[in-house]
Amino acid sequence: MSDALRRVQEFIREGVPRLVVTLDAGGLVLAARDPEWAKLLESADLITPDSSGIVWALRRSGLAIGGRVAGCDMAGELCRLSQQHGYRVYLLGGAPGVAEKAACALTATYPGCSIVGFDHGYFQEAEEPEVLSRIANAKPDILLVAMGMPRQEKWIARHRERLGVPVSIGVGGTLDVFAGVAKRAPRAFQRLGLEWLWRVARNPRKMRKVLSLPTFVLMVLRNQSVV
Ligand code: UDP
């Protein structure tokens, strides 16, 4: 996490638009059948291991990786850094009302952190120019996009030059968690690397991700990963 935060701070200093991906096993498997997504992963400026599966795969290939850097944890840490350094943060995604609630919760947890705007993630195509203008005018340093993987990363890639935000990060269901709409797995599940099991039990639509796990394990064992 400290390495990832250091890189993000460097990106903010440099000011060039960058994409940060918080990757889980399902995302990696998806890259094998979604060429646009695979290309995006290759061109991402920073990829963090969002799931214990990715940590396992990296350690297996000999990388001395510290541990998970989940999007949800990184978003919290970035708000802490915003408190200290005044980084401007914009929240985009979730159902109407979620980003606003998340902004309130984050400001309560990290008083003084600078949330400079928020928008829900269900805007129509015709509304998109307005959303883009709002973000660009707010001049954030960090844009947290919570629209699910890989939709959020593809959206960032399409618009990052126009937005000019130094750091854009796809953070999945993170705003739901901060808004209190979704619950994070208990610490015990997180420590055992079973956060995914908790999420599936609460949301059976996540089953698709679980079904990709055997493919992921085979990919790693056969060393066929795309990273
Ligand atoms: N979402 C959105 N716009 C869409 C589709 C989804 O803002 O068009 C939001 C959805 O409300 C949820 C998040 O994207 O808050 C996806 O969360 P999920 O946990 O499914 O993402 P994952 O972590 O699996 O990528």
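For clarity, every value in this text was computed on a predicted model and none was experimentally measured.

Draft legend 1. Quick look at the nonpolar core. One finds Trp37, Leu92, Ile135, Leu143, Trp155, Leu163 and Phe216 to be the most contacted residues of the largest nonpolar core, which totals 34 residues. Counting 32 residues, the second largest nonpolar core, distinct from the first, contains Val20, Tyr87, Ala99 and Ala102.

Draft legend 2. Main features of unusual backbone geometry. Looking along the chain, the bond that leaves methionine 149 and enters proline 150 is cis, with omega of 5°. Phi is positive for lysine 139, close to 50°, though the residue is something other than glycine. Inspection of the secondary structure assignment puts lysine 139 in the loop between helix H7 (128-138) and strand S5 (142-146). Looking at lysine 139, the relative accessible area reads 60%, which means it is exposed.

Draft legend 3. Up close: the pairing of S5. The buried fraction of S5 amounts to 5 of the 5 residues, a majority that puts the element mostly inside the structure. Here S5 shows a buried face lined by Ile142, Leu144 and Ala146 and a second buried face lined by Leu143 and Val145. In this sheet, S5 lies alongside strand S3 (residues 88-93) in parallel orientation, the contact comprising 5 bridges. Across the sheet, residue valine 89 finds its bridge partner in S5, namely isoleucine 142. In this view, the connection linking S5 to its parallel neighbour strand S6 (residues 167-170) by way of helix H8 (residues 151-163) has right-handed handedness.

Draft legend 4. Layout of the site of the ligand. Gly94, Gly121, Tyr122, Asp176 and Lys206 are the nearest of the 16 residues found near the ligand. Separating a nitrogen atom of the ligand from a backbone N or O atom of glycine 121 is a distance of 2.7 Å. At a separation of 2.9 Å, an oxygen atom of the ligand approaches a polar side-chain atom of arginine 199. Protein coverage of the free-state accessible area of the ligand, which is 550 Å², stands at 79%. For the shell around the ligand, the residue count by class is 5 nonpolar, 6 polar and 5 charged.

Draft legend 5. Inspection of the environment of glutamate 100 at higher detail. Position of glutamate 100 relative to the elements: it lies in helix H6 (residues 98-109). Given a relative accessible area of 44%, glutamate 100 falls into the partly exposed group.

Draft legend 6. Up close: the environment of cysteine 72. Tracing the backbone shows cysteine 72 in helix H5 (residues 71-85). Apart from residues lying up to four places away in sequence, cysteine 72 is in contact with Thr174, Val177, Phe178 and Arg184.

Draft legend 7. Summary view of a nonpolar patch on the surface. Residues Trp56, Val217 and Leu221 make up a contiguous nonpolar surface patch of roughly 250 Å² in combined accessible area. Looking at the element boundaries, tryptophan 56 is found in helix H4 (residues 52-60). Residue class for tryptophan 56 comes out partly exposed when judged on its relative accessible area of 35%.

Draft legend 8. Main features of H8. Here H8 spans 17 Å end to end across 13 residues, near enough to the 18 Å set by a 1.5 Å rise per residue. The sharpest bend along H8 measures roughly 40° and falls at alanine 157. For H8, the set of buried residues is Gln152, Glu153, Lys154, Trp155, Ile156, His159, Arg160 and Leu163. Here the buried face of H8 lies against strand S1 (18-23), helix H3 (35-43), S3, H7, S5 and S6.

Draft legend 9. Just the packing of H3 against H8, in detail. One can describe the packing of H3 onto H8 by two numbers: an axis separation of 11 Å at closest approach and a directional angle of 70°. As far as their axial angle goes, H8 and H3 are roughly perpendicular. Every pair of crossing elements has a handedness; the one defined by H3 and H8 is left-handed. Contact with H3, carried on its side by Glu36, Trp37 and Leu40, involves Glu153, Lys154 and Ala157 of H8 and no other residues of that element.

Draft legend 10. Structural view of the sheet that holds strand S2 (residues 46-49). An order of S2-S1-S6-S5-S3-S4 is seen for the 6 strands of this open sheet, with the pairing classed as parallel. Taken across any chain shown, the strands that pair with only one partner, and hence form the sheet edges, are S2 and strand S4 (114-119). Averaged over all pairs of adjacent strands, the angle between strand axes in this sheet comes to 20°, irrespective of strand direction. Inspection of the sheet shows S1 paired to S6 by 4 bridges, in the parallel sense. Paired with valine 20 across the strands is isoleucine 169, a residue of S6. Along the sheet, helix H1 (residues 2-14) makes contact with S1, S2, S5 and S6, crossing S2 at roughly 160°.

Definitions and limits used
- Every chain is numbered on its own, with residues counted from 1 as its sequence reads.
- Per-residue local features are limited, in this predicted model, to residues with pLDDT of at least 70; the limit for side-chain atom pairs, both in listing and counting, is 80 or more; totals at the level of whole chains, interfaces and linings are taken over all residues.
- Here the side-chain values reflect all heavy atoms present in the structure, with hydrogen atoms and water set aside.
- Among the buried residues, those of types Ala, Val, Leu, Ile, Met, Phe, Trp, Tyr and Cys that are joined through side-chain atoms within 4.5 Å form a nonpolar core.
- To sort residues, take the accessible area from a 1.4 Å probe on protein chains only and compare it with the maximum for the residue type: under 20% means buried, over 50% means exposed, and anything in between is partly exposed.
- Under the DSSP-based scheme used, a helix requires at least four consecutive residues in state H or I and a strand at least two consecutive residues in state E, with every element numbered from the N terminus.
- Strands qualify as paired when DSSP identifies two bridges or more between them.
- Whether a crossover is right-handed depends on one test, that the path from the first strand over the helix to the second runs clockwise when the strands point away from the viewer.
- Nearness of a residue to a molecule or strand requires only that one of the residue's heavy atoms be within 4 Å of it.
- Any N or O atom pair separated by 3.5 Å or less is treated as a polar contact, with the protein-specific requirement of one donor-capable and one acceptor-capable atom, and with residues adjacent in sequence counted only for side-chain atom pairs.
- Residue burial considers only the protein chains on display, and all accessible areas are found by Shrake-Rupley using a 1.4 Å probe.
- For this classification, Asp, Glu, Lys and Arg are treated as charged, while Ala, Val, Leu, Ile, Met, Phe, Trp, Tyr, Cys and Pro are nonpolar and the rest, including Gly, are polar.
- We call two residues contacting when some pair of their heavy atoms lies within 4.5 Å.
- Every patch collects residues that have over 30% relative accessible area and no salt bridge, joining them within 9 Å if they carry like charges and within 5 Å if they are nonpolar side chains (Val, Leu, Ile, Met, Phe, Trp, Tyr).
- Put simply, a salt bridge is a Lys or Arg side-chain nitrogen that is within 4 Å of an Asp or Glu carboxyl oxygen.
- Each residue after the first adds 1.5 Å to the expected span of a helix.
- A residue's bend is simply the angle between two axes: one fitted to the seven residues ending at it, one to the seven starting at it.
- Lines fitted to the C-alpha atoms define the axes, with helices restricted to the stretch that makes contact. Angles between their N-to-C directions range from 0 to 180 degrees.
- For classification, angles of less than 35 degrees are called roughly parallel, those exceeding 145 degrees roughly antiparallel, those between 65 and 115 degrees roughly perpendicular, and all remaining angles oblique.
- We call a crossing left-handed when the near helix sits turned anticlockwise from the far one by less than a right angle, and right-handed when that turn is clockwise.

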